[in-house]
Number of protein chains: 2
Amino acid sequence: MAKEFVKNVTSMQDDFAQWYTDVVTKAELIDYSSVRGSMILRPYGYAIWENIQKELDKQIKATGHENVYMPLFIPESLLQKEKDHIEGFAPEVAWVTHGGEEKLTERLCVRPTSEVLFAEHFKNIIHSHRDLPKLYNQWSNVVRWEKTTRPFLRTLEFLWQEGHTCHETDEEAHEETIRMLNVYADLCEEFLAIPVVKGQKTEKEKFAGAKYTYTIESLMHDGKALQSGTSHHLGDGFAKAFGIEFTNREGKLQTVQQTSWGFTTRIIGAMIMVHGDDRGLVVPPKIAPTQLMIVPIAQHKEGVLDFAYDLKDKLSQTIRTRIDASDKKPGWKFNEYEMKGIPLRLEVGPRDIEQGQVILVRRDTGEKETVSLQDLELHIHNTLNDIQCNLLKKARAHREHQTTTVTTFDAFKNELTEKGGFIKAMWCGDEACESFIKDETGATSRCIPFEQEKLSEKCVCCDQQAKHLVYWAKAY
Amino acid sequence: MAKEFVKNVTSMQDDFAQWYTDVVTKAELIDYSSVRGSMILRPYGYAIWENIQKELDKQIKATGHENVYMPLFIPESLLQKEKDHIEGFAPEVAWVTHGGEEKLTERLCVRPTSEVLFAEHFKNIIHSHRDLPKLYNQWSNVVRWEKTTRPFLRTLEFLWQEGHTCHETDEEAHEETIRMLNVYADLCEEFLAIPVVKGQKTEKEKFAGAKYTYTIESLMHDGKALQSGTSHHLGDGFAKAFGIEFTNREGKLQTVQQTSWGFTTRIIGAMIMVHGDDRGLVVPPKIAPTQLMIVPIAQHKEGVLDFAYDLKDKLSQTIRTRIDASDKKPGWKFNEYEMKGIPLRLEVGPRDIEQGQVILVRRDTGEKETVSLQDLELHIHNTLNDIQCNLLKKARAHREHQTTTVTTFDAFKNELTEKGGFIKAMWCGDEACESFIKDETGATSRCIPFEQEKLSEKCVCCDQQAKHLVYWAKAY
Ligand SMILES: [Zn+2]
Ligand SMILES: [Zn+2]
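What counts as what
- Position numbers for residues count from 1 along each chain, tracking the sequence in the order it is written.
- Labels follow written order: the first chain is A, the first ligand is 1, and so on.
- Whole-chain, interface and lining totals are the exception, using all residues; otherwise, since this is a predicted model, local features are given only for residues with pLDDT of at least 70 and side-chain atom pairs are given and counted only at 80 or more.
- The side-chain values count all of the structure's non-hydrogen atoms but skip hydrogen atoms and water molecules.
- UniProt positions are given in the numbering used here, feature names are shortened, and annotations may be inferred rather than shown by experiment.
- Helix numbering and strand numbering both begin at the N terminus, where a helix is a DSSP run of H or I of at least 4 residues and a strand a DSSP run of E of at least 2.
- For the exposure calls, accessible area comes from a 1.4 Å probe over protein chains only, and a residue counts as buried if that area is under 20% of its type's maximum, exposed if over 50%, partly exposed in between.
- Contacts are residue-level and defined by heavy atoms, with any inter-residue pair within 4.5 Å sufficient.
- Only nitrogen, oxygen and sulfur atoms qualify as donors, provided they sit within 2.8 Å of the metal or within 3.2 Å for Na, K and Ca; with water excluded from the atoms, sites may seem incomplete.
- Geometry is assigned from the angles between donors: four donors with all angles from 85 to 135 degrees make a tetrahedral site, four or six donors whose opposite pairs exceed 155 degrees while the rest stay between 65 and 115 make square planar or octahedral sites respectively, and everything else is labelled irregular.
- Superposing the copies works by least squares over the C-alpha atoms of residues that have pLDDT at least 70 in both of them.
- Once two parts are put together, the accessible area they lose, assessed with a 1.4 Å probe and summed over both, is termed the buried area.
- We count a salt bridge whenever a side-chain nitrogen from Lys or Arg sits within 4 Å of a carboxyl oxygen from Asp or Glu.
- Definition of a polar contact: a pair of N or O atoms within 3.5 Å, with one able to donate and the other able to accept a hydrogen when the atoms are protein atoms, and with sequence-neighbouring residues admitted only if both atoms are side-chain atoms.
- A strand pair is defined by DSSP finding two or more bridges across the two strands.
- Here is the rule: rings of Phe, Tyr and Trp (six-membered ring for Trp) pair when centre to centre is within 6.5 Å. Planes less than 30 degrees apart are stacked, more than 60 are edge-to-face, and the remainder are tilted.
- Charges are assigned to positions over rings by a cutoff of 6 Å between ring centre and Lys NZ or Arg CZ, combined with an angular limit of 35 degrees from the ring normal.

The name given to chain A in an unreviewed UniProt entry is Proline--tRNA ligase, with Fictibacillus halophilus as the source organism. One UniProt comment on chain A, placed under Catalytic activity (unreviewed entry), says "tRNA(Pro) + L-proline + ATP = L-prolyl-tRNA(Pro) + AMP + diphosphate". In its Function (unreviewed entry) section, UniProt records this for chain A: "Catalyzes the attachment of proline to tRNA(Pro) in a two-step reaction: proline is first activated by ATP to form Pro-AMP and then transferred to the acceptor end of tRNA(Pro)."

Here is the structure:
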């Protein structure tokens, strides 16, 4: 029975891309629709997003930000006000040209991001240094016209939050950029059990319109990297284009310094590819919509269901607990909830009840243990904590294993081909080398990590004087 | 000082529309942008929506529904599958015709509502009676290409939730339609203090594609009605068009019965126009982002600010409390927070501290009372409850006052012109009379109320045999 079910998921080794597709559909995270490149977030997928959202929203508010909501549409003329920005986004926006039966006099783009809308609003509401800082965030959908798409990782439309802030000084904007990058990094590590490398994007890879972009990069099970959150210091580019000025403490007109930062449903793709295995999804307990699934054994026997439901009611007070009392076979249920990555399974049958115990099975290790009813609740809490820690530990170990240091271009190419993962190598800072590496190997610069090391004096590509240590990888 | 500030808001009597515009902008609920007909929800406006959303989401989940997320775009061919639906919505949808630089082979409409997307998905996932009922909801933005717009009431884009469900039988779908209408009605009365009339829309006014539409209708301060939430029994119209079939308990193929229901940011407009006054907004305590505003008096005096902050920390545990310790004058602060409709103001100065008391001022009645520190927290809770009840009571009284029963068409026209509000009158059921009344008086049929009365034997318009009592009104 177990085998029967698992057969449906392609093994990771055989075909990672197919494994991913199998997992997102069979674990019922998403469904496809007739809208090309868009996905339907099904209840299980959306519940995971709600948990991420709830935690992140708490952090965003705790750091002093307020939620707002901006329009979905951006008039073409507004989008064009900041030159780098429009250049970067023009190829990938969707255009509304008709409203009802009428042709519009000006095209509207469906927001790919909302810097220009925020800039226009900030100009209206900021006048004095007393109005600063302005710390805003919005939860919304955005659209980017992608050619090839994959659920969560790259879709025409996705859900995210985008923070937008204005500050008096460059230094304050810098601190904000770092602060929110750290919020993202902590969320990834503490809640999603995904270890990240923090660093700065190169000029080539930074956000269109930013002064600089900070990023957190994570590593998937197949050795590819995934950009997991970005935080941009926008400098005064948008502010100058839109005239966002304030009277400073000396009574003089001054332009604001801005930041923006975003975190998306993409992270669910990372969660799948970092923790999943050949049995399906593995969801970290802190983010799991269901942390504990109760499966009654021999449930037709007298007292079993009553006992199981009582247990559910009791445990539900502190643990997100569900019960499957359907007439499906226990074997089917075991597989189903392993596929869905539910952290813990509790089995209870007539003999267990007699002996005052239950069976707990961990999704991460498959370990099975008998636990006395007396210690049950505390034991479950401890085990959930342990699973959470173990997932992060495993992910860290995997990343260490797939991070390689190289000092020659030959080694770069060899390691990338043989092992994949992160390649740490020195770079001269020249965009020509960055492009050459991409063209030759398929790897892009992921970031200039905050934790710099000096592996060698020379650029791995051109042998000129090295400026930075860079993380390189093939990426989603 | 007080007068100085209030001068900025047009009086309701003088110009209700201008009063409304003044309040939504000066209370900082919204801002305009260069996107025609769209609004920016500012922190205060969005926080009110978040509170409504939180409560409604709880109710939606408590009634067994799960949240999902559907795509923003609908291919034209998909929208056309249900004939009444496309006919109703075609004149008011926005069309995407280009993605990046390319012209699309098929136009995509920006969802005005998501029945067809849900129908397509339901067809994929429903096979057996064991898959039923399916009880889904989504929180999203939708777009309707309106010619004339007004903040909250009618905008190109708005935020809402839309529920979509599938059932085995007509009866179950009917029960669901009623259940969710009641959830909306209770939310309006208990949280927003807005009394509603429950009833059925006429054939002319029902949702495009529905079998029938239930509605809750509320009455604004200027005597106009506002449709505040709708719940549709869709029958099997979409299900047949999309082929949503299941194997029933007898092993035969059967078509599902569907419902859909929606509640929008529009309700914030109702809240403003039901409770607001010439001093600005009045927000019901249960929905207020800030329930209590502390204004320190003579705050430069030693100990005042410390005392006020201590009070804030203590009260914040059970009451949504803020403090304004800025260097603005108390008079300015009083007006500002009256404008924003904060239910209770607490004033505390050096003499109060000496005497172990504070001053509380109610926004709804303006009443001022001195309260001893000992009973303070309990007293505030009681007062907030009292404000909540009083707002509903006042709104009910206003509605009673502006509801008139008529039996002749002359009386209909007179009462509507002189008094406005709801007109209760009998109707023969003929659409010709409904249209005639609208053309002659500007009033539309708001609903056939569930609570029927027999005012007369004859239709108020044509003198034929009357079928229903109907609520008529001019409406937003
Ligand atoms: Zn180089
Ligand atoms: Zn008639």
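That shown, we press on.
Asks: Got a minute to help me understand the side chain of Ser140(B) in this structure?
Replies: All names here are of chain B. In this fold, Ser 140 is placed in strand E7 (residues 134–143). In this structure Ser 140 comes out as buried when scored by relative accessible area, which is 8%. Discounting residues that sit within four places of it in the chain, Ser 140 has contacts with Tyr 69, Arg 111, Phe 158, Leu 159, Trp 160 and Glu 162.

Asks: So what exactly am I meant to see when it comes to the coordination of the zinc ion (ligand 2) here?
Replies: Ideal values differ by geometry: the angle at a metal is 109.5 degrees with four tetrahedral donors, but 90 or 180 degrees with six octahedral donors. Residues and elements named next belong to chain B. Bound to the zinc ion (ligand 2) are the protein donor atoms Cys 428 (SG), Cys 433 (SG), Cys 459 (SG) and Cys 462 (SG), situated 2.3 to 2.4 Å from the metal. Angles of 103 to 118° at the metal separate the four donor atoms of the zinc ion (ligand 2), which places the site in the tetrahedral class. Of note, the zinc ion (ligand 2) draws all its donor residues from one chain, in the sequence arrangement C-x4-C-x25-C-x2-C. Placement of the pair is Cys 433 in helix H15 (residues 431–441) and Cys 459 in the loop between strand E22 (444–449) and strand E23 (468–473), with a sequence separation of 26 residues. Residue classification places Cys 433 among the buried positions, given a relative accessible area of 6%.

Asks: I tried to follow unusual backbone geometry on my own but got confused; where do I start?
Replies: Outside of glycine, negative phi angles account for most residues, and trans bonds account for most peptide bonds. Residue and element names in this part refer to chain A. A cis amide bond links Leu 132 to the next residue, Pro 133, at an omega of -5°. Along the chain, the position of Pro 133 falls in the loop between helix H6 (115–125) and strand E7 (134–143). Phi is positive for Glu 28, close to 60°, though the residue is something other than glycine. Secondary-structure assignment places Glu 28 in the loop between helix H2 (16–26) and strand E1 (30–32). In this structure Glu 28 comes out as partly exposed when scored by relative accessible area, which is 29%.

Asks: Would you explain the relation of the copies chain A and chain B in this entry?
Replies: Two copies of the chain are present, and they differ by a rotation about an axis and a shift along that axis. Mapping chain A onto chain B leaves a residual RMSD of 0.0 Å; the transformation is a rotation of 180° accompanied by 0.0 Å of translation along its axis. Here the two chains are linked by the operation of a two-fold rotation axis. By C-alpha distance to the rotation axis, the residue of chain A lying nearest is Val96(A), at 2.1 Å.

Asks: Mind showing me how you'd approach the coordination of the zinc ion (ligand 1) here?
Replies: Residues and elements named next belong to chain A. In this structure, Cys 428 (SG), Cys 433 (SG), Cys 459 (SG) and Cys 462 (SG) serve as the protein donors to the zinc ion (ligand 1), at separations of 2.2 to 2.3 Å. Given four donor atoms and angles of 103 to 119° at the metal, the environment of the zinc ion (ligand 1) is assigned as tetrahedral. Counting the intervening residues between successive donors of the zinc ion (ligand 1) yields the motif C-x4-C-x25-C-x2-C. Of the two residues, Cys 428 is situated in the loop between strand E21 (422–427) and helix H15 (431–441) and Cys 462 in the loop between strand E22 (444–449) and strand E23 (468–473); the sequence distance between them amounts to 34 residues. What makes Cys 428 buried here is its relative accessible area of 10%.

Asks: In this structure, what is going on with the interface of chain A and chain B? I would like to understand it.
Replies: How large an interface is tends to be reported as the accessible area lost when its parts come together. The partner chain B presents 54 residues to the 54 residues of chain A that form the contact. The contact between chain A and chain B buries some 4400 Å² in all, and 58% of this surface belongs to carbon and sulfur atoms. One can count four salt bridges joining chain A with chain B. Residues Glu102(B) and Lys147(A) are paired through a salt bridge, measuring 3.3 Å at the closest nitrogen-oxygen approach. Counting every contact that joins chain A to chain B gives 28 residue pairs in polar contact (both at pLDDT 80 or more). No other element matches the six residues that strand E5 (residues 94–99) of chain A contributes to the side of chain A that touches chain B. Taken together, the five bridges between E5(A) and strand E5 (residues 94–99) of chain B define a ladder with antiparallel strand orientation.

Asks: I keep staring at the UniProt feature "domain: Aminoacyl-transfer RNA synthetases class-II family profile" (unreviewed entry) in chain A and nothing clicks. Help me out?
Replies: Per the UniProt record, "domain: Aminoacyl-transfer RNA synthetases class-II family profile" (unreviewed entry) is found at residues 36–284 of chain A. Within residues 36–284 of chain A, the helical portion is 32% and the strand portion 33%, while the C-alpha atoms at the span's ends are 31 Å from each other.

Asks: It is not clear to me how the pairing of strand E19 (residues 368–372) of chain A should be interpreted in this structure. Could you clarify?
Replies: Along a regular strand, successive side chains alternate from one face of the sheet to the other. All names here are of chain A. Inspection of the sheet shows strand E18 (residues 357–362) paired to E19 by five bridges, in the antiparallel sense. Residue Ile 359 lies in a different strand from E19, and its bridge partner there is Thr 370. The antiparallel hairpin formed by E18 and E19 contains five residues in its connecting segment, where Gly 366 sits at a positive phi of about 75°.

Asks: Can you walk me through H6(A) in this structure?
Replies: Because each turn of an α-helix spans 3.6 residues, side chains separated by three or four positions in sequence point in the same direction. A large share of H6(A) lies buried, amounting to nine of its eleven residues. Those residues of H6(A) that fall on the buried side of the exposure criterion are Glu115(A), Val116(A), Leu117(A), Phe118(A), Ala119(A), Glu120(A), His121(A), Phe122(A) and Ile125(A).

Asks: How should I be thinking about the packing of aromatic side chains in this particular structure?
Replies: Here a ring pair, both rings aromatic, is described through the centre-centre distance and the interplanar angle of the planes. Per the counting criterion, the structure on display carries 30 aromatic pairs over all chains. Ring geometry for Tyr212(B) versus Tyr214(B): centroids 5.0 Å apart, planes at 35°, classification tilted. In this structure, Tyr212(B) and Tyr214(B) share a single accessibility class: buried. Seen from their ring centres, Trp427(B) and Trp472(B) are 6.5 Å apart, and the 90° between their planes marks the pair as edge-to-face. Of the two residues, Trp427(B) sits in strand E21 (residues 422–427) while Trp472(B) sits in strand E23, which places them 45 residues apart along the sequence. As far as the burial class goes, Trp427(B) and Trp472(B) line up, both buried. Three or more aromatic residues joined by ring pairs make a cluster, and in this case those are Phe409(A), Phe412(A), Trp427(A), Phe436(A) and Trp472(A). Above the plane of the ring of Phe334(A) lies Arg345(A), whose end atom (NZ or CZ) is 3.8 Å from the centre.

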